[in-house]
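For reference, the chains in residue letters:
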Amino acid sequence: MEKNLFNLKKYLSEKCQLVDCALDAYLPPATQYPEVIFEAMRYSVLNGGKRLRPILVLAACDAVGGCADVAMPTACSLEFIHAFSLIHDDLPAMDNDDLRRGKPTNHKVFGDAIAILAGDALFAFAFQTITGETRGVPAEVVVEVTRRIAAAAGTGGMVVGQVVDMISEGQAADAKIMEFMHAHKTGALIDIAVISGGLLGGGSDAQIDALSTYGKKIGLAFQIADDILDIEGDVDKLGKPIGSDVGKGKSTYPSLYGLAKSKELARRAVDDAVNALDMFDERADPLRAIAQFIVDRES
């Protein structure tokens, strides 16, 4: 158990460094006119983070026997979309948060207008990066990956989930609505990260189906773990205030099921995720370890 944890830490560290270098290289320089928008984009993207979504893209590509290099533009693009969502989530009109990853949120540094535009720019830049930087992959695969990511980020996923989150604040928790909200707001981008890596790596239909099951289950586990951290987490490790979901009357797994049951549900989701990878060999070990990491993390 300790050996696997040690190896995972090394794996995550190495992949995170690769992703960080690629993100820095793809983003426009902060010296480009008008400097403020590029400074704001880089501030949120390069301001730390676990890089979970891009690492999942690379790990899934490896799992199906592909070359992870071809998946790097898509991996970075998902981090651009993730950063866009965080910038907009933190705005006064949404969650009105002051801290993100232990630093002032984008709108606190650059103002609301530039923060909105920085998020817009990152969202567009994500698709520019996928379509303009991907090499060694059939064009039809790049188109399919782009189509699926657009759906997961928009009306088929994240945006719809965010809307349900906003209109449900202060209402009594409802299991179906809460599960719909989390599956779309958080789970969709995690799921598509794994699917995209599999597609770019040339995975078979059966492999993509298995990866999708894995992605959905770790997306669920990730959200439950987030809800638990909002109650039990350490603000210094999280880099943001705890208890904010409860204070805003948001529906969470602990509010509906209690902490003990929520932890059980998270563990069950991880077990289902790992079981979905039975058809894969040791090349999928990073995915198996990441599933466990999701519920054991402290931030």
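The rules behind these values
Residues numbered from 1 in each chain as written. Predicted model: local features only at pLDDT ≥ 70, side-chain atom pairs only at ≥ 80, totals over all residues. Heavy atoms only, no water. Salt bridge = Lys/Arg side-chain N within 4 Å of Asp/Glu carboxyl O. Helix = DSSP H or I, 4+ residues; strand = E, 2+ residues; numbered from the N terminus. Buried < 20%, exposed > 50% of the residue type's maximum accessible area, 1.4 Å probe, protein only. Patch = residues over 30% accessible without salt bridge, like charges linked within 9 Å, V, L, I, M, F, W, Y side chains within 5 Å. Areas by Shrake-Rupley, 256 points an atom, 1.4 Å probe, with all protein chains shown as cover. Expected span 1.5 Å × (residues − 1). Phe/Tyr/Trp six-rings, centres within 6.5 Å; stacked < 30°, edge-to-face > 60°. Lys NZ or Arg CZ within 6 Å of the ring centre and 35° of its normal. pLDDT = per-residue confidence, 0-100. Contact = heavy atoms within 4.5 Å. Axes fitted to C-alpha atoms, helices over the stretch in contact; angles between N-to-C directions. Parallel < 35°, antiparallel > 145°, perpendicular 65-115°, else oblique. Left-handed = near helix turned anticlockwise from the far one by under 90°. Nonpolar A, V, L, I, M, F, W, Y, C, P; charged D, E, K, R; others polar.

**What to know about the pattern of salt bridges**
Part 1: Enumeration according to the criterion identifies 19 salt bridges in this entry.
Part 2: A salt bridge links K263 to E232; its shortest N-O distance comes to 3.2 Å. Taken together, the residues K263 in helix α14 (residues 259–275) and E232 in helix α10 (residues 205–232) connect sequence positions 31 residues apart.
Part 3: Of the residues examined, K263 reaches a relative accessible area of 37% and is grouped as partly exposed.
Part 4: For E232, a relative accessible area of 46% corresponds to the partly exposed category.

**Points about a nonpolar patch on the surface**
Part 1: A contiguous nonpolar surface patch, about 330 Å² in accessible area, is contributed by V159, V163, M166 and I167.
Part 2: Looking at the element boundaries, V159 is found in helix α8 (residues 158–167).

**Here's the deal with helix α4 (residues 72–89)**
Part 1: Taking 1.5 Å per residue as the helical rise, α4 with its 18 residues ought to reach 26 Å, and the 26 Å between its terminal C-alpha atoms agrees with that figure.
Part 2: Here α4 lies mainly inside the structure; 18 of its 18 residues are buried.

**Some remarks on the packing of aromatic side chains**
The description of an aromatic ring pair rests on the distance of the ring centres and on the angle between the ring planes.
Part 1: If you walk through the whole model with that rule in mind, you get five aromatic pairs.
Part 2: Judged by centre distance (5.4 Å) and plane angle (55°), the ring pair of F80 and F125 falls under tilted. Of this pair, F80 sits in helix α4 while F125 sits in helix α6 (residues 112–133), and the two are 45 residues apart along the sequence.
Part 3: Residue F80 is classed as buried on the basis of its relative accessible area of 0%.
Part 4: Arranged with centres 4.8 Å apart and planes meeting at 45°, the rings of F84 and F123 form a pair that is tilted. With F84 in helix α4 and F123 in helix α6, this residue pair connects regions lying 39 residues apart in the sequence.
Part 5: The class for F123 is partly exposed, based on a relative accessible area of 27%.
Part 6: Among the aromatic residues, those joined into a cluster by ring pairs are F84, F123 and F127.
Part 7: Between the NZ or CZ atom of R297 and the centre of the ring of F222, over which it lies, the distance is 4.0 Å.

**Re the confidence of the model for the protein chain**
Part 1: In this model, the protein chain carries a mean pLDDT of 91, and residues with pLDDT of at least 70 account for 92%.
Part 2: For the stretch residues 1–6, pLDDT sits under 50, and the model shows one contact to residues farther than four places along the chain or on other chains.

**Quick word on the packing of α4 against α6**
A packed helix pair is summarised by two numbers, namely the angle formed by the two axes and the spacing between the axes.
Part 1: Their axes nearest at 8 Å, the elements α4 and α6 cross at an angle of 165°. Here α4 is positioned roughly antiparallel relative to α6, judged by the angle of their axes. Handedness of the α4/α6 crossing: left-handed.
Part 2: Looking at side-chain class alone, the contact of α4 with α6 contains 15 nonpolar, five polar and two charged residues.

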